[in-house]
Amino acid sequence: MSAACLIVYASMTGNTEEIACHIGKGIEEAGLTVVIKDILEIDVEELRNYDAILLGAYTWGDGDLPDEFLDFYHEMDSLNLTGKAAAAFGSCDSSYEHWGRAVEILTEKLVELGADVVLDGLKIDLVPTTAEIEQCSVFGKLFVEKSFLK
């Protein structure tokens, strides 16, 4: 069985979805199968079926996860992610004090559940620029490299 990666994201304006797609492209270019799902289209148990997991969310309000991610976040407590490579990403708004805090919250949850967080979280300010699109793709490639030592 070849390794497979799951990207789960929450996106209100489309920015985090776009970031997820560009990360996914980098993962595919590095030779790994990737499945990308909106947070509202996945059951937390599906995380068990993948070798590698990336979670993405925009930061809401005063440094919080968006509402649509909360149930999934709490349901994750039933999982043991030991042995799974992981990382987090998200779109952020630098006009807020707690810039990109959702990325940190997701990273902390992955660590708490035993996942091997192989990269620091990727934070993109609002809409990804051309350079940031490339940064997302490189993030995906690095994720594969760090996860599976190709």
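Since the model is a prediction, treat every value here as computed from it, not as a measurement.

Caption draft 1: Structural view of the overall build of the protein. What the protein contains, in helices and strands, is four helices and six strands. Each helix and strand of the protein, placed in order from N terminus to C terminus, yields the pattern β-α-β-β-α-β-α-β-β-α. Taken against the 2.2 N^0.38 rule, which gives 15 Å for 150 residues, the C-alpha radius of gyration of the protein at 14 Å falls within 12% of a compact globule. Overall, the protein is about 45 × 35 × 25 Å in size when its C-alpha atoms are taken along their principal axes. Here the protein holds 150 residues, and the buried ones make up 49% of them. Long-range pairs, those at least 24 residues apart, make up 79% of the contacts in the protein between residues at least 6 apart in sequence. For the protein, the computed accessible surface area is about 7200 Å², with 49% contributed by carbon and sulfur atoms. In the protein, the 10 positive side-chain charges and the 28 negative ones have mean positions that sit 8 Å from each other.

Caption draft 2: Local environment of helix H3 (residues 101–112). Taking 1.5 Å of rise per residue, the twelve residues of H3 would be expected to cover 16 Å, and the 16 Å separating its terminal C-alpha atoms lies within 8% of that figure. Along H3, the positions that sit buried rather than exposed are Ala102, Val103, Ile105, Leu106, Thr107, Lys109 and Leu110. Buried positions along H3 lie against strand S3 (52–57), helix H2 (67–75), strand S4 (85–92), strand S5 (116–117) and strand S6 (122–125). Glycine 114 sits one or two positions beyond H3 and adopts a positive phi of about 95 degrees.

Caption draft 3: Representation of the packing of aromatic side chains. Taken as a whole, this structure holds two aromatic pairs when the rule is applied. Taken together, a centroid distance of 6.2 Å and an interplanar angle of 85 degrees make the contact between tyrosine 58 and tryptophan 60 edge-to-face. Residue classification places tryptophan 60 among the partly exposed residues on the basis of a relative accessible area of 40%. Judged by centre distance (5.7 Å) and plane angle (85 degrees), the ring pair of phenylalanine 69 and phenylalanine 72 falls under edge-to-face. Here the residue phenylalanine 69 and the residue phenylalanine 72 both occupy positions in helix H2, the gap between them amounting to three residues, near one helical turn. The ring of tyrosine 73 has lysine 109 lying over it, and the distance from NZ or CZ to the ring centre is 4.3 Å.

Definitions and cut-offs
- Residues numbered from 1 in each chain as written.
- Predicted model: local features only at pLDDT ≥ 70, side-chain atom pairs only at ≥ 80, totals over all residues.
- Heavy atoms only, no water.
- Helix = DSSP H or I, 4+ residues; strand = E, 2+ residues; numbered from the N terminus.
- Rg over C-alpha atoms; globule rule 2.2 N^0.38 Å.
- Buried < 20%, exposed > 50% of the residue type's maximum accessible area, 1.4 Å probe, protein only.
- Contact = heavy atoms within 4.5 Å.
- Areas by Shrake-Rupley, 256 points an atom, 1.4 Å probe, with all protein chains shown as cover.
- Lys, Arg positive; Asp, Glu negative; His and termini not counted.
- Charge placed at Lys NZ, Arg CZ, Asp CG, Glu CD.
- Expected span 1.5 Å × (residues − 1).
- Phe/Tyr/Trp six-rings, centres within 6.5 Å; stacked < 30°, edge-to-face > 60°.
- Lys NZ or Arg CZ within 6 Å of the ring centre and 35° of its normal.

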